[in-house]
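Examination of the molecular architecture
One-letter residues, chain by chain:
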2 protein chains.
Amino acid sequence: MKQADVVVIGGSAAGIPAALTARRHYPEKSVILIRSEKQVLIPCGIPYIYGTVGAPDKNLIPDGGLQSNKVEIIVDEAKELKPSEKKVILASGESVSYDRLILATGSSPILLPIPGIEKKNVYAIRKDIPYLQTLLEALKTTKNLVILGGGFIGVEFADECKKNRDINVTVVEALEHCLQIAYGEGTCRCSLEVEDYLTKKGVTIITGASIEKIIGDESVTAVKLSNGKEIPADALIVSVGVSPNIGLAKEAGLAISNGAITVDTTMRTSDPNIFACGDCASKFSFFTGQPSAVRLASIATTEARIAGANLFEIKRKNPGVIGVFSTAMGNLTVAIAGMSESAAKKSGFDVVAGEAEASDRHPGGMPGESKMWVKLIFNKANGELVGGVVRGGPSAGELINGISACIQSRMNANDIATFQIGTHPAVTSSPIAYPLVNAAEMALKNMKG
Amino acid sequence: MKQADVVVIGGSAAGIPAALTARRHYPEKSVILIRSEKQVLIPCGIPYIYGTVGAPDKNLIPDGGLQSNKVEIIVDEAKELKPSEKKVILASGESVSYDRLILATGSSPILLPIPGIEKKNVYAIRKDIPYLQTLLEALKTTKNLVILGGGFIGVEFADECKKNRDINVTVVEALEHCLQIAYGEGTCRCSLEVEDYLTKKGVTIITGASIEKIIGDESVTAVKLSNGKEIPADALIVSVGVSPNIGLAKEAGLAISNGAITVDTTMRTSDPNIFACGDCASKFSFFTGQPSAVRLASIATTEARIAGANLFEIKRKNPGVIGVFSTAMGNLTVAIAGMSESAAKKSGFDVVAGEAEASDRHPGGMPGESKMWVKLIFNKANGELVGGVVRGGPSAGELINGISACIQSRMNANDIATFQIGTHPAVTSSPIAYPLVNAAEMALKNMKG
């Protein structure tokens, strides 16, 4: 039997930083990481395998970081967890005992119970190299690809699969617009611009419709939509969300809530020696404390850094899910942090928003220019920032993180309107036009009006 | 005699946002902006006139924002201020009376008292279109350009003047390294990489030397350095800092401190009806409260937003100068917010730093990749972030603003290590490797060690 002070189950966006954080905070402790994959995929990079990056083996997380930090890696499947014996049993028969355990078992893609879902050439987005390789091969002969789900993964797959391929790509989204779960009801500019971008690239977008039936003998040949239409399809990708991997924890008797392993704000499960983080762990909203269904690699890493630091002494507290999303297509980057206006209203907040737009260079003629548009959403009652939306060029990916810092620090519109920025002609908007600051000013104006 | 509720003197990075903020916060008040320039240059864009942008008239701040916000523009010079009569006398003889006045008179470049400084082809960086046009013309026949001062403006001029010109460019810097005032003593990577970039482009950098004498009859022909060397020069650009424009205020009897118009934390001068902001106003450090000599367009706009909002009711407070700098050359962007390690130590802080580096894409092969390096500096006594340094690609320009938000919110290393980021393969580092978060982790490790 193997033994370690700290055992981590799972080797992706939660498991790796959990192990590294344990190492940093408790350098004297031994750390073992158990994972079932020989090599680990970069989860957010999966859509890019099918276009920009080109192959699953170019989208891997190297093991160097774990190795140089003396984290022992065991490639095997954890089959059983025995909390009373503080022991994990592996598929190989080997067992590993722990003093503290971190469950970072992740999630699996949901496959909706659509008639025909079992047919060949129907794909989920599994984090599995051979499986993703099979999809890559299948796309070589695919003429008509249908993607079910117009969330971030769905639209990214649509854009990437269309690149350098003579292929018809159709996205089927049940809601009124793509990315609506993030950007909210109504017509957020970010949703519309992504739809517009994809349409211009030749992607067909069908919204307000679901797939009722998957047609074909062995393989899919067409899909029948809820609106009665039938679309030819020789491959179908289903990207409609994920379900936490809780089997191991559930069978071991750990508490479960809302389909995830119950954790408190220290990331501890119902067993005081077991922590959980990432997609498998329960989540709550930063804004309301209510259960949150948001699952992101970036949330997983944050939770892992809390869990890893708290193993032998409580040092950090999980403030809850803010939810920071971004995606990019061509030179268009759209991002959101916190609540959209409609999500805030649904949760019972009275909010006020402000918007501003400017060139992200100054003067506008500087190379690499995009329009940067920022919308900020404030709680009217206490003035705190509860959400931010950005549409811009590549630097929008960092600007949204600045906004997330403002949300986490509970900054108000006056704080942001007078917040000390740095600017430069080649990399940002001008200080006068800086849209983050001006959006806060506009929100203040709208608060009064 | 003209009359307005609010009169702003100065039409650049302080004057414009001061007028716009007054308009937003007091929509019923009339606002007049007096400036001596017919057209206003983008101050930070001036170096780019000589390369990327190409001409002064492509580097202008349009008047549209002022006009659409009903700010009346008077192009004239304010010659005299009579606080007792609440009146400004213009060069044309016209006078303008005010209820509240904002002085945003800016600064002028310093010309050191070097023998020969009056010679032809010796240039300061004046915010003056015909003057800058003259320099542009002069560069057409210049074979040997010497730039005195290796601060941000100096290195930017060196890079831009070298572009598309058959010209020898030499930067002469008195300190050990370029950008040392910002990045501190020792060998900050950002200083070294900028020097390296310029050297590879063919710029000669001479540090630890000053100019003792400017040689030539009417025009400069060479400069004699403190190290005894003589360098041929048919043009010399002096970029060694600025001096606040305080003549108007001083003659009117307003209090002056450290060569600038004295203001309190509401941006009010010694006269309760007169505010000042931007380069002309006194400044203090966010960290120590001591006088600050940092003068930046971005600080000017922040102060203007405080002054404009406070005119008739105190709404905002100036927390003091954090100081956020960035510059970019080719694909290299370097930035700093707050105190460098050596500046913090000089001010009496006991600090601990942490560093991390990662690709700013994930996987690394995604287009537009740069290495992103972050160093964070914390006050050991209370754990607060007091400085951040970034070296990366273009998105470093927004990342440094996120760091500035963290400084302003007095976040500590645990806050930053667990701060909720958003990431995307095409626009940021991976969530595991995200260098801002990992630099905070490394600082925590170093705090213990």
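Because the structure is a prediction, the values reported are computed rather than measured.

Definitions and limits used
- Residues numbered from 1 in each chain as written.
- Chains lettered and ligands numbered in written order.
- Predicted model: local features only at pLDDT ≥ 70, side-chain atom pairs only at ≥ 80, totals over all residues.
- Helix = DSSP H or I, 4+ residues; strand = E, 2+ residues; numbered from the N terminus.
- Rg over C-alpha atoms; globule rule 2.2 N^0.38 Å.
- Contact = placed C-beta atoms within 7 Å.
- Pairing = 2+ DSSP bridges.
- Axes fitted to C-alpha atoms, helices over the stretch in contact; angles between N-to-C directions.
- Least-squares fit on C-alpha atoms with pLDDT ≥ 70 in both.
- Nonpolar A, V, L, I, M, F, W, Y, C, P; charged D, E, K, R; others polar.
- Expected span 1.5 Å × (residues − 1).
- Buried ≥ 20, exposed ≤ 12 C-beta atoms within 10 Å, placed from the backbone.
- Core = buried A, V, L, I, M, F, W, Y, C linked by C-beta atoms within 7 Å.
- pLDDT = per-residue confidence, 0-100.
- Domains from an automatic or database assignment.
- Parallel < 35°, antiparallel > 145°, perpendicular 65-115°, else oblique.
- Left-handed = near helix turned anticlockwise from the far one by under 90°.

**What to know about the overall build of chain A**
A count of helices and strands for chain A gives twelve helices and 26 strands. Radius of gyration (C-alpha) of chain A: 23 Å, near the 22 Å computed for a compact globule of 449 residues. Its C-alpha atoms put chain A at 65 × 55 × 40 Å along the principal axes. Considering only contacts in chain A between residues 6 or more positions apart, those separated by 24 or more positions represent 65%.

**A closer look at the sheet that holds strand S15 (residues 222-225) of chain A**
All names here are of chain A. In space, the three strands of this open sheet follow the order S14-S15-S16, with antiparallel pairing throughout. Each having just a single partner strand, strand S14 (211-215) and strand S16 (230-232) make up the two edges of the open sheet. Averaged over all pairs of adjacent strands, the angle between their axes in this sheet comes to 20°, without regard to strand direction. In this structure, S15 lies alongside S16, joined through three bridges in antiparallel fashion.

**As for the relation of the copies chain A and chain B**
Applying a rotation about an axis and a shift along it to one chain copy brings it onto the other copy. Take chain A, turn it by 180°, move it 0.0 Å along the axis, and it overlays chain B with an RMSD of 0.0 Å. The operation mapping one copy onto its partner corresponds to a two-fold rotation axis. Closest to the rotation axis within chain A is the C-alpha of Gly402 of chain A, separated from it by 1.9 Å. Most of the interface of chain A is mirrored in chain B: 100% of its interface residues are interface residues there too.

**Remarks on the interface of chain A and chain B**
Taken residue by residue, the interface counts 68 residues in chain A and 69 residues in chain B. Of all the secondary structure elements, the ones that give two or more residues to the side of chain A that touches chain B are helix H1 (15-25), helix H8 (297-310), strand S22 (324-329), strand S23 (332-338), helix H10 (396-408), helix H11 (413-417) and helix H12 (435-448) of chain A. Of the residues forming the side of chain A that touches chain B, the biggest block, ten residues, is contributed by H10 of chain A. The residue makeup of the side of chain A that touches chain B, split by class, is 33 nonpolar, 27 polar and eight charged.

**Things to note about helix H12 (residues 435-448) of chain B**
For H12 of chain B, spanning 14 residues, the distance from its first C-alpha to its last is 20 Å, which sits close to the expected 20 Å at 1.5 Å a residue. By the criterion of burial, H12 of chain B is predominantly enclosed, with ten of the 14 residues buried. All of the buried residues along H12 of chain B are Pro435, Leu436, Val437, Asn438, Ala439, Ala440, Glu441, Met442, Ala443 and Leu444 of chain B. Its buried side turned inward, H12 of chain B meets H1 of chain A together with strand S24 (351-359), strand S25 (371-379), helix H10 (396-408) and helix H11 (413-417) of chain B.

**Topic: unusual backbone geometry**
Residues and elements named next belong to chain A. Here His362 and Pro363 are connected by a cis peptide whose omega angle stands at 0°. Tracing the chain through its elements places Pro363 in the loop between strand S24 (351-359) and strand S25 (371-379). Although it is not a glycine, Lys86 adopts a positive phi angle of roughly 50°.

**Description of the nonpolar core**
One finds Leu236 and Cys277 of chain A together with Leu236 and Cys277 of chain B to be the most contacted residues of the largest nonpolar core, which totals 307 residues. In this view, Leu236 of chain A contacts Asn121, Val122, Tyr123, Val146, Leu148, Ile214, Val220 and Val223 of chain A; residues no more than four positions away in its chain are not counted.

**Quick notes on the confidence of the model for chain A**
For chain A, the average pLDDT comes to 97, and 100% of its residues sit at 70 or higher. Across the predicted assembly, pTM comes out at 0.96 and ipTM at 0.95.

**So, the domain arrangement of chain A**
Residue and element names in this part refer to chain A. Partitioning chain A into domains gives domain 1 (2-107 + 243-310), domain 2 (111-240) and domain 3 (324-444). Averaged C-alpha coordinates put domain 1 and domain 2 at centres separated by 30 Å. Listed by partner, the interface residues are twelve residues for domain 1 and 14 residues for domain 2. Each residue belonging to the side of domain 1 that touches domain 2 can be placed in one class, and the counts come to eight nonpolar, four polar and no charged.

**Some details on the sheet that holds strand S12 (residues 168-173) of chain A**
All names here are of chain A. Taking strand neighbours across the sheet as the criterion, the five strands line up as S10-S17-S11-S12-S13 in an open arrangement whose pairing is parallel. Looking at which strands have only one partner, the edges of the open sheet turn out to be strand S10 (122-124) and strand S13 (204-207). Between one strand axis and the next, the sheet turns through 20° on average, direction left out of account. Bridge analysis of S12 against S13 gives four bridges, and the strand direction is parallel. Within S13, the residue paired with Val171 across the bridge is Ile205.

**Some details on the environment of Gly184 of chain A**
Residue and element names in this part refer to chain A. In this fold, Gly184 is placed in the loop between helix H5 (180-183) and helix H6 (189-200). Look at Gly184 and you get buried, because 24 C-beta atoms sit within 10 Å. Distance in space between the C-alpha atoms of Gly184 and Asp350 is 15 Å, their sequence separation being 166 residues. Excluding residues within four positions of it along the chain, Gly184 makes contact with Ser340, Glu341, Ser342 and Ala343.

**A word on the packing of H10 of chain A against H10 of chain B**
Remark: H10 of chain A packs on H10 of chain B, axes separated minimally by 8 Å, with the N-to-C direction vectors making an angle of 5°. Taken together, the axes of H10 of chain A and H10 of chain B are roughly parallel relative to one another. Judged by residue contacts, Glu398, Leu399, Asn401, Gly402, Ala405 and Cys406 of chain A of H10 of chain A engage Glu398, Leu399, Asn401, Gly402, Ala405 and Cys406 of chain B from H10 of chain B. Split by residue class, the contact of H10 of chain A with H10 of chain B holds six nonpolar, four polar and two charged.

**Some thoughts on the pairing of strand S8 (residues 95-103) of chain A**
Residue and element names in this part refer to chain A. Examined bridge by bridge, strand S1 (residues 2-9) and S8 share seven bridges and lie parallel to one another. Paired with Val6 across the strands is Arg100, a residue of S8. One ladder, built from three bridges, connects strand S7 (residues 87-90) with S8; its direction is antiparallel. The residue bridging Lys87 from the neighbouring strand is Ser97, located in S8. Hairpin connection, S7 to S8: the antiparallel pair is bridged by four residues, and Gly93 has positive phi, about 100°. Of the pairings in the sheet, the one linking S8 to strand S21 (residues 274-276) comprises three bridges and is parallel in character. Directly across from Ile102, in S21, lies its bridge partner Phe275.

**Considering the packing of helix H1 (residues 15-25) of chain B against helix H8 (residues 297-310) of chain B**
Residue and element names in this part refer to chain B. Following both chains from N to C, one finds H1 and H8 inclined at 35°, their axes separated by 8 Å at the closest point. The handedness of the crossing between H1 and H8 is right-handed. Each of Pro17, Ala18, Thr21, Ala22 and His25 in H1 lies in contact with H8, whose residues at this interface are Thr301, Ala304, Arg305, Ala307, Gly308 and Ala309. Taken together, the residues that form the contact of H1 with H8 break down as six nonpolar, four polar and one charged.

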